[in-house]
Structure formats: C-alpha cells, structure tokens
Amino acid sequence: MAYLVLGNGKIFEGTRIGARLDRIGELVFTTGMEGYLETLTDPSYYGQIVTQTFPLIGNYGVIEEDFEGESTLFGYIVRELCDTPSNFRSACPLNDYLVARGIPGLCGVDTREIVRITREEGVMNAMICDEVPSDLSAIRSYKVENAVDSVSGTDRSLHPADGEERCHVALIDYGAKHNIIRSLQRRGCSVRVWPARTSAEEILASGPDGVMLSNGPGDPKENTYCIGELRKLIGRLPVFGICLGHQLAALALGGDTVKLKYGHRGGNQPVRDLSAGRTYITSQNHGYAVLADSLKGIGIESFRNANDGSCEGMEYPEKHCFTVQFHPEAASGPRDTAILFDRFVQRMEEMKNA
C-alpha cells in the first residue's frame, strides 16, 4: 500500500504503480477519455501529479509513435490500470513505461473524490509516498519553478516541409508538442526549432517567414527573459502562439495573466469563436489564463471559454499576431480548430508577397 497525501490533509490509500519513490507535485486532473500517452508525454505537465478522471487507463498500452515529447510530470493517479493491453501497435504495458521513466503513481484510489476536492478547493499540492508524513509543511510549500528551462532543451533541429516548401517557421520551444511541428510540415512549412532562451536577434537573422510560440509549463510570468525577447519579435513578422505562447505574447504586449482555480485539462472544453458566433470543442492543458480586459486598445479577444468565460484567444491585427489558449494541433482530441494553422500559413504567404 501507498498513499496520496493532499495539502489539505486528506489521505487516499492505493496501490503503487510506476517507480517506487516518493514525490511532491501540484495535483491536477484531466478529463480525457483517451490520449493518456499524449498526456504522459506533454511537457506542459512538468512538476504536476496528474489524475485521470476516466476510470480505466492503459488498455491500448504504450505506442511510441503517439508520444508528444519527454515525460516531465511528477506523478500519475488512476482508478484502474490495465496490465493486459490490447493493441497491435503496443510495445509494452503502461506500468513498464512508468517504471522506465521514473514516474511514481497510484491506482485503486477514488479519483472521483480527488477531482471533487480539486474543483471545490482549487489546485493544491500533494505527495505520493509509502508513509504518511506527520508534517505537511513540505507539501504545502512546494511550488513549480523553472518549468520552461527544465523542458526546453538545446535543440536547434530543422524539420523539412512535406513536399514543396511554402514557408519557413521559427518554432520557439517552451515545451513544444511534436504535433505542432507535424501540423506545420503537412502544410508545406519547414520548421527550425529554437530553445526558449534564444535572442530575438538570432531568430530574425535566420530569416523565418513567421514565428510559432509553443505550449509549455508553469507560471507565464516567471519567464521574464522570454517575454523581453518577444517584445522585440512581435510586429516584425507573423506570429502564432499556442497555450503558454498565448500567455507570453499577452504579457509581452502589456497584458496580464491569472492562475485559474483548477485549470482546463482534457479534450472536451467548449470555446466560442466571438467573430463567427460558433462553438468548438477543444483540447486544453493549462492552469493560467490571459485577462482580456488588460489588453484593451492593444488586442481583440477572439475566443472565449463557454464554461467560465475566460479568454481563449487574442488577435493583434497591427502586430500580425494571433494566439489561442487551446490546442489546435491536439492529436488525441477534437481537430476542428486545426484550420488555425492554415490561417497562419496564409498570413505568412501574404506578408511574403506584399
């Protein structure tokens, strides 16, 4: 037996899965019915213990082709873990993957109650452990820090376009998911990946037709260097930001962000397109939101969450920049908003030919 100890003192008893080590993290939940591999390999979960709301996890095993990046989450909580996966693409059971990647976890716990607590009290810290600590101060004081620096490597690789090249994109890697690159390649874009701590001057000197700001983990306000460099980039050429990239662009242009009570994580988040008047179901993974009112006179709110009214997208017409909070590239999620990549390519071509 092992335990999940919440910062509010609540204790859940379960069975160990994954690596046998104790770890503290920020406890969050995701509502996806599928896509657990994409969740486990999304760098945006750095520093967090993830609870899956769907009761059975692991039924199609581990498929490396579906990975979005490196596993950076700190723990994994499920109701039931399947140890006999059934899929012709599966390489191994999910527990083998958790052990190999050093990810501790628990199964056999009441994930519904964990989610109820998180929704009512907000995101809190928790610890996976073999023995319940008498002092919870270490759990309560934990904070996700240096998140982007921890997941953005030194990669400067070039990914060629599929077929004839239409545009060249500089992708700033704050914790980028692989499918952002693939989504651009399929539309005729070659993609150069740049580490998060790359100067605006170096990126511009490489001659891109546009800049892609990726997703990533942590508090956006922590990334002061990145925000400063974006101030030099935005307005020079077309920019498209996703998730953390959306937040960093807002901060660079003088806006503000706020931490949500428990965030949006899963593939069923409704988002309203304010210009077209229709609603999309989107995939999301974030704990912070842009305050649209802080950007009045600078940008125009383009998308809004239909559940809580938080900002889901911004347009900056004079800066050739647009950003969204959700994931239009989500491989295991709704794909209706993938048209935003087409919009980005169109804007790059228009500026090239102007």
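Residues numbered from 1 in each chain as written. Predicted model: local features only at pLDDT ≥ 70, side-chain atom pairs only at ≥ 80, totals over all residues. Heavy atoms only, no water.

Engineer: Explain the sheet that holds strand β8 (residues 104–107) to me, using residue names and the numbers behind them.
Structural biologist: Pairing is mixed around the closed barrel formed by seven strands, whose spatial order is β1-β2-β8-β6-β4-β3-β9. Averaged over all adjacent pairs, the angle separating strand axes in this sheet is 35°, with direction ignored. Across two bridges, strand β6 (residues 75–77) lies against β8 in parallel orientation. Among the inter-strand pairings, Ile77 is bridged to a residue of β8, identified as Leu106. Relative to the sheet, helix α3 (residues 111–121) contacts β1 (2–6), β2 (11–18), β3 (23–30), β4 (48–52), β6 and β9 (124–129), its axis offset from that of β3 by approximately 90°. (Pairing = 2+ DSSP bridges. Helix = DSSP H or I, 4+ residues; strand = E, 2+ residues; numbered from the N terminus. Axes fitted to C-alpha atoms, helices over the stretch in contact; angles between N-to-C directions. Contact = heavy atoms within 4.5 Å.)

Engineer: I'd like a description of the pairing of β8, backed by residues and values.
Structural biologist: The alternating pattern of β8 places Pro104 and Leu106 and Gly105 and Cys107 on opposite faces, both of which are buried. Note: β2 against β8, four bridges, orientation antiparallel. When the sheet's bridge partners are listed, Thr15 is paired in β8 with Cys107. (Buried < 20%, exposed > 50% of the residue type's maximum accessible area, 1.4 Å probe, protein only.)

Engineer: If you had to explain the sheet that holds strand β17 (residues 300–305) to someone new, which residues and values would you point to?
Structural biologist: Here we have 10 strands laid out as an open sheet, ordered β10-β12-β11-β13-β14-β19-β18-β17-β15-β16, and mixed in their pairing. The sheet is open, and its two edges are formed by β10 (158–159) and β16 (278–291), each paired on a single side. Where strand β18 (residues 311–316) meets strand β19 (residues 321–324), four bridges bridge the pair, whose relative direction is antiparallel. In the sheet register, Gly313 faces β19, and the bridge partner there is Val324.

Engineer: Requested: an account of the environment of Asn305, with residues and values cited.
Structural biologist: Among the secondary structure elements, Asn305 is positioned in strand β17. In this structure the C-alpha to C-alpha distance between Asn305 and Pro270, which are 35 residues apart in sequence, comes to 6.1 Å. Not counting the four nearest positions on each side in its chain, Asn305 is found in contact with His264, Gln269, Pro270, Gln284, Ser310 and Glu312.

Engineer: So, the side chain of Asn125: which residues are in play, and what are the values?
Structural biologist: Tracing the chain through its elements places Asn125 in strand β9. Here Asn125 falls in the buried class, since its relative accessible area comes to 12%. Separated by 3.5 Å, the side chain of Asn125 and the backbone oxygen of Arg140 make a polar contact. A distance of 2.8 Å separates the side chain of Asn125 from the backbone oxygen of Tyr142, its partner in a polar contact. In this view, Asn125 contacts Val5, Leu6, Gly7, Gly25, Glu26, Leu27, Ile139, Arg140, Ser141 and Tyr142; residues no more than four positions away in its chain are not counted. (Polar contact = N/O pair within 3.5 Å; in protein donor to acceptor, adjacent residues only side chain to side chain.)

Engineer: Describe in detail helix α8 (residues 224–233), supporting the description with residues and values.
Structural biologist: Restricting attention to buried positions, one finds in α8 the residues Cys226, Ile227, Gly228, Glu229, Leu230 and Leu233. Residues of α8 that are buried in the fold lie against β11 (167–173), α7 (200–205), β13 (210–213) and α9 (244–252). Just past α8, the residue Gly235 takes up positive phi, approximately 105°.

Engineer: A description of the pattern of salt bridges should follow, citing residues and the corresponding values.
Structural biologist: Summed over the entire model, instances satisfying the criterion amount to 20 salt bridges. One salt bridge in this structure joins Asp130 and Arg16, with 3.1 Å as the shortest N-O distance. Of this pair, Asp130 sits in the loop between β9 and α4 (137–141) while Arg16 sits in strand β2; the two residues are 114 residues apart in sequence, bridging distant segments of the chain. With a relative accessible area of 11%, Arg16 lands in the buried category. In this structure, the salt-bridge partner of Glu26 is Lys259, at a minimum N-O distance of 2.7 Å. Here Lys259 lies in strand β15 (residues 256–273) and Glu26 lies in strand β3, a separation of 233 residues in the sequence. Exposure remark for Glu26: the relative accessible area of 10% places this residue in the buried category. Assessed through its relative accessible area of 42%, Lys259 is described here as partly exposed. Taken together, the salt bridges that share partners define one network made up of Arg16, Arg20, Asp22 and Asp130. (Salt bridge = Lys/Arg side-chain N within 4 Å of Asp/Glu carboxyl O.)

Engineer: I'd like to hear about the packing of α8 against α9, residue by residue, with values.
Structural biologist: At a closest axis distance of 8 Å, the pairing of α8 and α9 adopts a crossing angle of 70°. On the basis of the axis angle, α8 is roughly perpendicular to α9. The hand of the α8/α9 crossing is right-handed. Note on element contacts: α9 touches α8 through Leu248, Ala249, Leu251 and Ala252, opposite Cys226, Ile227, Leu230 and Arg231. A per-class count over the contact of α8 with α9 returns seven nonpolar, no polar and one charged. (Parallel < 35°, antiparallel > 145°, perpendicular 65-115°, else oblique. Left-handed = near helix turned anticlockwise from the far one by under 90°. Nonpolar A, V, L, I, M, F, W, Y, C, P; charged D, E, K, R; others polar.)

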